[in-house]
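# Topology and contacts: notes
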Amino acid sequence: PTHNKKITGILYMTEVIMYTKTTCGFCKRAAELLFNKNIPFNNIIIDNDQTLRAEMITKSGQHTVPQIFINGTHIGGCDDIYALEDTCCFSREMGT
């Protein structure tokens, strides 16, 4: 569908950051969505790294992974990124 191309194009021009753990199924699911849409993202793996974990908590206010940011805006976790994809709201979340 055309809206999928629009979403992919918008996200391709943005910075997507995702804090993850290697054993997290929700992280893998969120990464799969971005990968399948050809959306590059910076995957910050926080396994056994208390500094990165503290950074994630400070930025998101959340203790669970994944935590996803688009252009510095906290989107939430796996369910949240899928909800945005389902409703075609990626561009609104980024203020474009």
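Residues numbered from 1 in each chain as written. Predicted model: local features only at pLDDT ≥ 70, side-chain atom pairs only at ≥ 80, totals over all residues. Heavy atoms only, no water.

## Describing the overall build of the protein
Within the protein, the secondary structure is distributed over 5 helices and 4 strands. The buried share of the protein, taken over its 96 residues, is 43%. In the protein, the proportion of contacts linking residues at least 24 apart, taken out of those at least 6 apart, comes to 59%. As displayed, the protein offers around 5600 Å² of accessible surface, 52% of which is attributable to carbon and sulfur atoms. (Helix = DSSP H or I, 4+ residues; strand = E, 2+ residues; numbered from the N terminus. Buried < 20%, exposed > 50% of the residue type's maximum accessible area, 1.4 Å probe, protein only. Contact = heavy atoms within 4.5 Å. Areas by Shrake-Rupley, 256 points an atom, 1.4 Å probe, with all protein chains shown as cover.)

## Here's the deal with the pattern of salt bridges
Two side chains of opposite charge can pair, provided their charged atoms sit close to one another. Under the defined criterion, the tally for this structure stands at 3 salt bridges. Taking the shortest distance from any N to any O, the salt bridge between Arg29 and Asp79 comes out at 3.8 Å. In this pair, Arg29 is assigned in helix 2 (residues 25-36) and Asp79 in helix 4 (residues 78-87), connecting sequence segments 50 residues apart. Here Glu55 makes a salt bridge to Lys59, at a shortest N to O gap of 3.9 Å. Of the two residues, Glu55 and Lys59 both sit in helix 3 (residues 50-60), 4 residues apart, roughly one turn of that helix. (Salt bridge = Lys/Arg side-chain N within 4 Å of Asp/Glu carboxyl O.)

## Side note on the packing of aromatic side chains
The tally for this structure, following the rule as stated, stands at 1 aromatic pair. Looking at Arg29, its charged tip hangs above the ring of Tyr82, at a distance of 4.0 Å from the centre. (Phe/Tyr/Trp six-rings, centres within 6.5 Å; stacked < 30°, edge-to-face > 60°. Lys NZ or Arg CZ within 6 Å of the ring centre and 35° of its normal.)

## What about the nonpolar core?
If you look at the biggest cluster of nonpolar residues, it comprises 14 residues, and the most contacted ones within it are Val16, Met18, Ala30, Ile68, Ile75 and Ile81. Counting 10 residues, the second-largest nonpolar core is a separate cluster that includes Ile17, Cys24, Cys27 and Phe69. (Core = buried A, V, L, I, M, F, W, Y, C linked by side-chain atoms within 4.5 Å.)

## Examining the pairing of strand 1 (residues 16-20)
The element strand 1 is extensively covered by neighbouring structure, given that 5 of its 5 residues are classed as buried. The side-chain alternation of strand 1 yields two buried faces, one formed by Val16, Met18 and Thr20 and the other by Ile17 and Tyr19. Here 4 bridges tie strand 1 to strand 3 (residues 67-70), and the two strands are oriented antiparallel to one another. The residue of strand 3 that forms the bridge with Val16 is Ile70. In terms of strand pairing, strand 1 meets strand 2 (residues 42-45) through 4 bridges, oriented parallel. Bridge assignment links Tyr19 to a residue of strand 2, and that residue is Ile44. With respect to chirality, the unit in which strand 1 leads through helix 2 into the neighbouring parallel strand 2 is right-handed. (Pairing = 2+ DSSP bridges. Right-handed = clockwise from strand over helix to strand, strands pointing away.)

## Regarding the state of the cysteines
A full pass over the atoms with the stated rule returns 0 disulfides. Cys78 carries a free sulfur, and the closest cysteine sulfur to it, the one in Cys24, is 7.8 Å from it. Under the relative-accessibility criterion, Cys78 is labelled buried at 4%. (Disulfide = S-S within 2.5 Å.)

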